[in-house]
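# A closer look at the structure
Okay, here's what each chain looks like letter by letter:
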Amino acid sequence: AVIERSQERCEAEFDDFVGTPYFSSTLWTFGLWPDRNLWETGDRDAFCIIHDWDQYVSGSLEGARR
């Protein structure tokens, strides 16, 4: 459930952050979330990573519009 929810949230936030709808973008997003051990200790932070498979990116893809 954590994996599914993380991916859904990353895709939902993508449009506002990048400026292009996720499913028409050339970029990819995936979530990083705590494993079971960390979850049980109270770590509930998940992070969205945006990646460009075609080129090296240094810095943020905020507003990339692609």
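Residues numbered from 1 in each chain as written. Predicted model: local features only at pLDDT ≥ 70, side-chain atom pairs only at ≥ 80, totals over all residues. Heavy atoms only, no water.

Tracing the chain through its elements places Asp-52 in the segment after β2 (47–51). A polar contact is formed between the side chain of Asp-52 and the side chain of Gln-55, at a distance of 3.4 Å. Of the polar contacts made by the side chain of Asp-52, one reaches the side chain of Arg-66; its length is 2.4 Å. Sequence-distant contacts of Asp-52, that is, excluding residues within four places in its chain, are made with Leu-27, Val-57 and Arg-66. (Helix = DSSP H or I, 4+ residues; strand = E, 2+ residues; numbered from the N terminus. Polar contact = N/O pair within 3.5 Å; in protein donor to acceptor, adjacent residues only side chain to side chain. Contact = heavy atoms within 4.5 Å.)

With the rule as written, the count across this model stands at 2 aromatic pairs. Seen from their ring centres, Phe-14 and Tyr-22 are 5.0 Å apart, and the 75° between their planes marks the pair as edge-to-face. Judged by relative accessible area, Tyr-22 falls into the buried class, the value being 11%. A ring pair is formed by Tyr-22 and Phe-23, whose centres lie 5.0 Å apart and whose planes are at 70°; its orientation type is edge-to-face. According to the relative accessible area criterion, Phe-23 is exposed, its value standing at 72%. One cation-aromatic arrangement involves Arg-44 over Trp-39; the distance from NZ or CZ to the ring centre is 4.2 Å. (Phe/Tyr/Trp six-rings, centres within 6.5 Å; stacked < 30°, edge-to-face > 60°. Buried < 20%, exposed > 50% of the residue type's maximum accessible area, 1.4 Å probe, protein only. Lys NZ or Arg CZ within 6 Å of the ring centre and 35° of its normal.)

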